[in-house]
Amino acid sequence: MRLVDLVDIDPFIGSEESGDSTGENKFRLPEVIGILPIRSAVAYPGTVMPLAIGRSRSRELINETTPHETIFGLVTQKDPSVEEPGPNDLYQIGTAASVLKVIKMPQGSINIIVHGIARFKILEYVSTKPYLKAKVEFIAVKTRKTKKLQAQMVNIRDIAGRVVNLSPNIPDEASVLLDNIQDPSALADFLAATLNIPLEEKQMLLEEPNASKRLEKVALALANQLEVLELSHKIQGQIRDSVDKSQRDFFLQEELKAIQAELGQNDRKTEDINELEARIKKAKMPPKVTEEAMRELDRMSRTPSASPEYSVSRTYLEWVCDLPWSMSTIDSMNIVKAEKILNRDHYGLVKIKKRILEFLAVRKLNPKGKSPILCFVGPPGVGKTSLGQSIARAMSRKFIRISLGGIRDEADIRGHRRTYIGALPGRILQELRKCGHNNPVFMLDELDKIGQDFRGDPASALLEVLDPEQNYTFTDHYIDQPFDLSGVMFIGTANYTEPIPPALMDRMEIIELPGYTEREKTSIAKKYLIPRQLKEHGLKKTNLTIKDETLGEIINSYTREAGVRNLERTIASACRHVAMKIAKGTSKRATIGKAQLSEILGPHKFESDIALRTAVPGVVTALAYTPMGGEILFIESAAMPGKGKLIITGQLGEVMKESTQAAFSVVKANADKLNIDTKQLSQYDLHVHVPAGAVPKDGPSAGIAIFTSLVSLFTKRPALPTVAMTGEITLKGLVLPIGGLKEKVLAAKRAGIETVIMPARNKKDLIDLPKEAKSKMKFVFVKKADKVLKHVLK
């Protein structure tokens, strides 16, 4: 129903008569009337509404109706989707009405305009064919005129007037009509018909006979509607002000351009475009990239400078222009000079230095050749990062280093797409932009510590970067144009190779950097570490002398490690001790011997407990390889009354647990041959433990050590304290080769081991061991596990 339909019709003609709670209404309702079901609407007394008649029963009712005379009932359906509603589908309270006009449409449908007259209640249905008929009862309206009711009417007229003013689809005549309605019930019905509220709430207003209560509910609904309209009006005003300001700014900008053109001046936008165009030409990009950059520049020139797209395009073009598309450093091809630089910066590392010099020699003969992808693998502190810096210095190239440890987002490598706010290129192109050249030595540190989650796999994004067959067309998501990385010499670093994906490792040349021997550490300390720490602490060579035997004591008793980081920290502690004395004036120079170490560094941090650990049967020494270098492990076995159950502890990985079970199976299968009472195997539970339980351990190389520990326990023969072993065992008792041999032998050397038992197939790897590591060390090679016992057990 529209308010415009009410303007020319007196809503009070034939309507309910107001009065007090005991008043009689002049309107006389027939006892039985036809019922016209309506859906999605509620008819109120005193209102006029159009209806479209489509159902056959409704047509029958209208055909028997005489306009302005016949009274029938308008009752709302509970469920609008029911096509043929019955008595149970309709509400009990409706509105008696008469037809004002019948309009027959060309298509055959009928539209009628009805006028609501009074409320009624259905007592019972008397017929359903040809249409619904019901016995009804007139509902009188209860109205008691009080000051409160008058105040309610004033308040509701005020709210309704404000709603009319804020609603552009309601005619102004509605305000006049509101002022002329004096009856409270008629006013409530008139406003209820205009409210935008759910059907159930409209029906509740129709069913409320008390005019005062009905006014209260209508006032509450009107207040909510007014609040929404006021907020909407406020938002529209803000939008209108913003649009007006934008239009004003646009016209002013155009006027400013015209004024500047008359004065012969360029505006800021024109200056930006001219500057970027010059930078694009200067950058010497590939033709396709230049074409794309000019297309983006043209798009930017047609974009208003106040638009966010303008700044996005400008940032993109600045990035494209800043990349070193054609800027390269000239490689130094002096092989002798490069060799001197490598030898000066690093002690030892013969294989690595040889590989670098080979690359320089090949580049000298074939300048167009592709750069190798190297990966340095070794424990912390052996010089992987500093070796990359030396390579860059030897080749006269720039050096870039980024740490990949912990990154989990693929966009860190390939960048974000420009659709995102604050998008940037990936770390590869960011660092090349800072470097200013397209052929640096680029170190990708901590390759083994790359993460992975729902944002992507950075390791997979590196596949294109580290493939010489693909990286000449590396495409960053932000730049979205191919950039040639074939001139970059990429060097990866890792502590160990297990976490690196096989596809990524396949693209790199793995170069292992093992730990240093005691002699190598002493030489490194004297040549590099001590001079550097003296300089950092403001000391001269004459102020501090550290004896060779003192360095040996520091290496063995204070810094048992594969690299030299802790060694340098310990030397720094000694320098601080001397610096404090010199600053106090109590001494001018100092010589540190073994006797002074306990005063400066405290008690020994590492002591050999091999003899103590292996003094009882069931304890043997094994060798292990960790990301920190080689280590020694003690394998302990104990027996207790039980049923032959095997218990394994020490935070062991799945592979090491399987090695333990395999070793136990070999012992049980060969019990007679090993002089072991088979009853013990079924009457005792076995517990195999690897101390340092807080440290995770895994790998198959402790197989023969676990086997020897179990045999030692059952035969009650203790192991020799100076013998350690490594090797994988099979169920047939064969000993298989292992990796990390050099690191394991160096760990045995540091721990005071004199004999190392290893697989016979690892004999060829001894050639990589330095002479110092092999001196005073006996190596025993075995093919079967039972051959180990005669070299270990007493």
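Now for a quick tour of the structure.

### Some remarks on unusual backbone geometry
Stage number 1. For the bond running from Lys129 to Pro130, omega is 0 degrees, close enough to zero to count as cis.
Stage number 2. Summarising the element assignment, Pro130 is placed in the loop between β5 (110–127) and β6 (133–138).
Stage number 3. Located in the positive-phi region is Lys284, a residue other than glycine, with phi close to 55 degrees.
Stage number 4. A relative accessible area of 61% means that Lys284 is categorised as exposed.

### Observations regarding the pattern of salt bridges
When the charged atoms of two side chains with opposite charge come close together, those side chains can pair.
Stage number 1. Taken as a whole and assessed by the stated rule, the structure comprises 37 salt bridges.
Stage number 2. The closest approach of N and O atoms between Arg393 and Asp345, which form a salt bridge, is 2.4 Å. Highlighted residues: Arg393 in helix α12 (residues 384–395) and Asp345 in helix α10 (residues 335–345), separated in sequence by 48 residues.
Stage number 3. Given a relative accessible area of 44%, Arg393 falls into the partly exposed group.
Stage number 4. Because the salt bridges share partners, they merge into one network encompassing Glu275, Arg279, Asp322 and Arg433.

### A short note on the packing of aromatic side chains
Stage number 1. On inspection of all chains with the given rule, the structure shows three aromatic pairs.
Stage number 2. Considering the side-chain rings of Trp325 and Phe483, the 5.0 Å spacing of their centres and the 55 degrees angle between planes classify their relative orientation as tilted. Pair noted here: Trp325 is in the loop between α9 (308–322) and α10 and Phe483 is in strand β11 (residues 482–483), with a separation of 158 residues, a long-range link.
Stage number 3. Ring centres of Phe442 and Phe490 lie 5.4 Å apart, and the angle between their planes is 40 degrees; this geometry places the pair in the tilted category. Of this pair, Phe442 sits in strand β9 (residues 441–445) while Phe490 is found in strand β12 (residues 489–494), placing the two residues 48 residues apart along the sequence. By the burial criterion, Phe442 is buried, and Phe490 matches it.
Stage number 4. Cation over ring: Arg418 sits above Tyr316, and NZ or CZ is 3.8 Å from the ring centre.

### Here we look at the packing of helix α22 (residues 654–669) against helix α24 (residues 703–715)
Geometrically, a packed helix pair is captured by the angle between its two axes and the distance between the axes.
Stage number 1. As a packed pair, α22 and α24 sit with axes 9 Å apart at the nearest point and diverge in direction by 45 degrees. Considered as vectors, α22 and α24 are oriented oblique to each other. Handedness of the α22/α24 crossing: right-handed. In this structure, α22 contributes Ser659, Thr660, Ala663, Phe664, Val666 and Val667 to the contact, and α24 contributes Gly703, Ile706, Phe707, Leu710, Val711 and Phe714.

### Quick look at the nonpolar core
Stage number 1. One finds Leu444, Leu447 and Leu462 to be the most contacted residues of the largest nonpolar core, which totals 50 residues.
Stage number 2. Take this core: its biggest share by element is six residues, from α9.
Stage number 3. When near neighbours in sequence (up to four residues on either side) are disregarded, Leu444 contacts Ile402, Leu404, Ile428, Leu462, Leu466, Phe490, Ile491, Gly492 and Thr493.
Stage number 4. With 48 residues, the next largest nonpolar core counts Leu374, Ala392, Ala525 and Leu597 among its residues.

### Some words on the sheet that holds strand β23 (residues 755–759)
In sheet architecture, strand pairing relies on hydrogen bonds along the backbone and comes in two forms, parallel and antiparallel.
Stage number 1. One open sheet holds the seven strands; their spatial order is β18-β19-β17-β16-β20-β23-β24, and the pairing between them is mixed. Strand pairing shows two members of the sheet lacking a second neighbour, β18 (646–649) and β24 (778–782), which therefore form its edges. Averaged over all neighbouring strand pairs, the angle between strand axes comes to 30 degrees, with direction disregarded.
Stage number 2. In terms of strand pairing, strand β20 (residues 723–725) meets β23 through three bridges, oriented parallel. Across the sheet, the residue bridging to Ala724 is Val756, located in β23.
Stage number 3. In this fold α22 packs onto β17 (629–641), β18 and β19 (684–689), with an angle of close to 150 degrees to the strand it touches most, β18.

What counts and how
Residues numbered from 1 in each chain as written. Predicted model: local features only at pLDDT ≥ 70, side-chain atom pairs only at ≥ 80, totals over all residues. Heavy atoms only, no water. Helix = DSSP H or I, 4+ residues; strand = E, 2+ residues; numbered from the N terminus. Buried < 20%, exposed > 50% of the residue type's maximum accessible area, 1.4 Å probe, protein only. Salt bridge = Lys/Arg side-chain N within 4 Å of Asp/Glu carboxyl O. Phe/Tyr/Trp six-rings, centres within 6.5 Å; stacked < 30°, edge-to-face > 60°. Lys NZ or Arg CZ within 6 Å of the ring centre and 35° of its normal. Axes fitted to C-alpha atoms, helices over the stretch in contact; angles between N-to-C directions. Parallel < 35°, antiparallel > 145°, perpendicular 65-115°, else oblique. Left-handed = near helix turned anticlockwise from the far one by under 90°. Contact = heavy atoms within 4.5 Å. Core = buried A, V, L, I, M, F, W, Y, C linked by side-chain atoms within 4.5 Å. Pairing = 2+ DSSP bridges.

Limitation: the analysis is restricted to geometry and does not speak to function.
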